[in-house]
Amino acid sequence: MMATNKNGDATTKADSELDKLYKNYDVLVNAKDKIAEHKDVYAAIIAATKGSSGEKRLAATFVSKFGPKFPSMNDASLDAMFDLLEDEDSQVRRTVVKVIPEMCADSAQLGTRIADVLSQLLLAEDATELTMVKNSLLLLIRKYPKEALAGLFSQVTGDDDVTREKCIEFVCNSVMKLKNELFAKNFDNEQFFIEQIKQVMRDVTAEEFQQFVDVLLQLRTMATRKGAQELVDIVANQADLSADFQDTDVDYMYRLVTCYRLAVTISLERGTSLSPFINFVCHKVFPILPVMEAKESVDDILQLFAQSFLSAITAELAKDIISLLFDMLLHYTPEPPPIGTEDTEAPTLQFTYVECLLFSFHETVKLCPEFLAGDDAADRLKDFRKRLQYFAHGCQVYHSQLEVTLKEKTNADVRSIQKVAHATTGNINSLIKDFFHNPPSYKTKIKLSFLKEQPKVQLARYVCIHTM
């Protein structure tokens, strides 16, 4: 007679339970079209997910296979599988991770719940397990793009910062490697993906904002002018242009300038309108620009403002801003001193500011020629020409001085500054001449002095270089 010990009894019992599972498997396989009549058998398989490690692994495989045939038991099936994803045995967890995507076979909607849970496992420390999680997520995204992406992004918008970070990394790296497969021939999928990103971008850190802009720039939709305009509007929203201008808030100014720079870059490459930023500068920045203490910020804003006019603006926008822009230009083009006061201290001429404002006005007034050439504009033009003539004299003097100093030997940094100043004064002189034609003519083309070359920037690289 054979003796049995405690371990033998346990082994025999485990084997017995596994045998039951296989028998239940056979029942369901053989039932074929009548499988729905065997809920009790399937319920026994779900119950086996509470057994030994071997039973859990086998039951998980069977639940993933037969679960789609029992839609009324979806909640019980998923709850059992999700519990196994937290099992102490890594082999159990790995089995579930591998097979759980099969549960969506007849119900794509389950992909959202499954992707949501798998996304939380992107924190896995075990390299093998993490790879399996990523593979299962990608499998879900390939088969059920909208449902799986919805589940993934639910964790991006969640409260756990670490999970959020891992999910964003997964989107930027793993998901984007599938962009051609997922989106090239399916506009709806790409639009759904874009909408998910737009929702997330309502509340993001500076680094996250960069990451998502980089993702959007890789999409086919964003390569169109309409798509690029949508991206500019997203950037404008991030800049919070509806708020009051806060020139003394360092963080605010940093975000504003960075967003504006990105919007300009997009516009110059893809021909989009920058009207939200142009309106913002004219209506909110100009009123306090002369008293701003952060001169570097003034330079940044005016240079970006001038670049905004390298893309076409509408006649409607031109009419809306021309008076504000003209008044700002008058502030920096002083009236000539009265005759007999030549010995008094001359006003400081802001050549960089005037280059930016004069170029912007030049591009605007060509759409509103009546502003300087209309029947009621004679006095305005006369006063403007006096100011321009006075400014041009100072500009020519400085320009001539620079031509002399550029011939002298000096270090590279000083020479670079001198070259920019020389280009600045040259541009101003060229633009001023147009206003002395009768009527004024706007045919002169210049290259803004602060641009090393006419902008043609790789946007994805821009996002990597400039930080918010």
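Quick notes on the rules
Residues numbered from 1 in each chain as written. Predicted model: local features only at pLDDT ≥ 70, side-chain atom pairs only at ≥ 80, totals over all residues. Heavy atoms only, no water. Helix = DSSP H or I, 4+ residues; strand = E, 2+ residues; numbered from the N terminus. Rg over C-alpha atoms; globule rule 2.2 N^0.38 Å. Buried < 20%, exposed > 50% of the residue type's maximum accessible area, 1.4 Å probe, protein only. Contact = heavy atoms within 4.5 Å. Areas by Shrake-Rupley, 256 points an atom, 1.4 Å probe, with all protein chains shown as cover. Lys, Arg positive; Asp, Glu negative; His and termini not counted. Charge placed at Lys NZ, Arg CZ, Asp CG, Glu CD. Phe/Tyr/Trp six-rings, centres within 6.5 Å; stacked < 30°, edge-to-face > 60°. Disulfide = S-S within 2.5 Å. Salt bridge = Lys/Arg side-chain N within 4 Å of Asp/Glu carboxyl O. Core = buried A, V, L, I, M, F, W, Y, C linked by side-chain atoms within 4.5 Å. Expected span 1.5 Å × (residues − 1). Polar contact = N/O pair within 3.5 Å; in protein donor to acceptor, adjacent residues only side chain to side chain. pLDDT = per-residue confidence, 0-100. Axes fitted to C-alpha atoms, helices over the stretch in contact; angles between N-to-C directions. Parallel < 35°, antiparallel > 145°, perpendicular 65-115°, else oblique. Left-handed = near helix turned anticlockwise from the far one by under 90°. Nonpolar A, V, L, I, M, F, W, Y, C, P; charged D, E, K, R; others polar.

1. Side note on the overall build of the protein
Now for step 1: Each helix and strand in the protein was counted, giving 22 helices and zero strands.
Now for step 2: The C-alpha radius of gyration computed for the protein amounts to 34 Å, which surpasses the reference 23 Å derived for 468 residues by more than 25%, pointing to a less compact arrangement than a globule.
Now for step 3: Projecting the C-alpha coordinates of the protein onto the three principal axes gives extents of approximately 130 × 50 × 35 Å.
Now for step 4: A burial count over the protein gives 48% of its 468 residues as buried.
Now for step 5: When contacts within the protein are restricted to residue pairs at least 6 apart in sequence, long-range pairs at least 24 apart make up 71% of them.
Now for step 6: When the accessible surface of the protein is totalled, it reaches about 24,400 Å², and 49% of it is carbon and sulfur.
Now for step 7: Once the 53 positive and 67 negative side-chain charges of the protein are each reduced to a mean point, those two points are 7 Å apart.

2. A short note on the packing of aromatic side chains
Now for step 1: Applying the stated criterion to the full structure yields 22 aromatic pairs.
Now for step 2: Note on Tyr-260 and Phe-277: the rings are 4.6 Å apart at their centroids and 15° apart in plane angle, and the pair reads as stacked. One end of the pair, Tyr-260, is in helix α14 (residues 250-270); the other, Phe-277, is in helix α15 (residues 275-285), and 17 residues separate them in sequence.
Now for step 3: Its relative accessible area of 0% is what places Phe-277 among the buried residues.
Now for step 4: With centroids separated by 5.2 Å and ring planes inclined at 20°, the aromatic side chains of Phe-351 and Tyr-398 adopt a geometry described as stacked. In this pair, Phe-351 sits in helix α18 (residues 351-365) while Tyr-398 sits in helix α20 (residues 378-405), placing the two residues 47 residues apart along the sequence.
Now for step 5: On the basis of relative accessible area, Tyr-398 is assigned to the partly exposed category, the value being 30%.

3. Side note on helix α4 (residues 74-84)
Now for step 1: Taken together, the buried positions of α4 are Asn-74, Ser-77, Leu-78, Ala-80, Met-81, Phe-82 and Leu-84.
Now for step 2: At its buried positions, α4 is contacted by α2 (39-47), α3 (53-66), α5 (90-99) and α6 (110-120).

4. A word on the state of the cysteines
Now for step 1: One pass over the structure, following the stated rule, counts zero disulfides.
Now for step 2: In this model Cys-368 remains outside any disulfide bridge; the closest cysteine sulfur is found in Cys-282, 12 Å from its own.

5. Topic: the environment of Pro-347
Now for step 1: Tracing the chain through its elements places Pro-347 in the loop between α17 (315-332) and α18.
Now for step 2: In this view, Pro-347 contacts Pro-334 and Tyr-390; residues no more than four positions away in its chain are not counted.

6. So, the pattern of salt bridges
Now for step 1: Scanning all chains against the criterion turns up 14 salt bridges.
Now for step 2: Between Asp-126 and Arg-94 there is a salt bridge, with its nearest N and O atoms 2.9 Å apart. A residue pair is termed long-range when its members are at least 10 positions apart, and Asp-126 in the loop between α6 and α7 (127-143) and Arg-94 in helix α5 qualify at 32 residues.
Now for step 3: Taking the relative accessible area as the measure of exposure, Arg-94 reaches 18% and is therefore buried.
Now for step 4: Through salt bridges with shared partners, a single network forms among Glu-195, Lys-198 and Glu-230.

7. Here's the deal with the nonpolar core
Now for step 1: With 148 residues, the main nonpolar core has Ile-114, Phe-193, Phe-286, Leu-358, Phe-361, Leu-372 and Phe-384 as its most contacted residues.
Now for step 2: When neighbours within four sequence positions are excluded, Leu-372 is seen to be in contact with Phe-326, Phe-361, Val-365, Ala-377, Arg-380, Leu-381, Phe-384, Phe-435, Pro-440 and Tyr-442.

8. With respect to α7
Now for step 1: Relative to the 24 Å expected for 17 residues at 1.5 Å per residue, α7 spans 24 Å between its end C-alpha atoms, a close match to the ideal helical length.
Now for step 2: Close packing links the buried residues of α7 with α5, α6, α8 (145-156), α9 (161-173) and α10 (179-183).
Now for step 3: Put simply, Asp-126 is the residue that caps the front of α7, since its side-chain oxygen is 3.1 Å from the backbone nitrogen of Thr-128.

9. Let's talk about the confidence of the model for the protein
Now for step 1: Averaged over every residue, the pLDDT of the protein is 90; residues scoring 70 or more account for 92%.
Now for step 2: Note that residues 1-6 has pLDDT below 50 and, in this model, one contact with residues that lie over four places away or in other chains.
Now for step 3: Taken together, the stretch residues 454-468 has pLDDT below 50 and engages in 38 contacts with residues farther than four places along the chain or on a different chain.

10. Here's the deal with the environment of Ala-243
Now for step 1: Looking at where Ala-243 falls in the secondary structure, it is placed in the loop between α13 (225-239) and α14.
Now for step 2: The sequence separation of Ala-243 and Phe-280 amounts to 37 residues, and the corresponding C-alpha distance is 9.6 Å.
Now for step 3: Ignoring sequence-local partners within four residues, the contact set of Ala-243 consists of Phe-280 and Lys-284.

11. Observations regarding the packing of α14 against α15
Now for step 1: Between α14 and α15, whose axes approach to 10 Å, the crossing angle comes to 140°. One way to sum up the angle between α14 and α15 is to call them oblique. Note that α14 runs across α15; the crossing there is left-handed. Every residue of α15 that contacts α14 at Tyr-252, Leu-256, Cys-259, Tyr-260 and Ala-263 is listed here: Phe-277, Ile-278, Phe-280 and Val-281.
Now for step 2: Here the contact of α14 with α15 is built from residues that sort into nine nonpolar, no polar and no charged.

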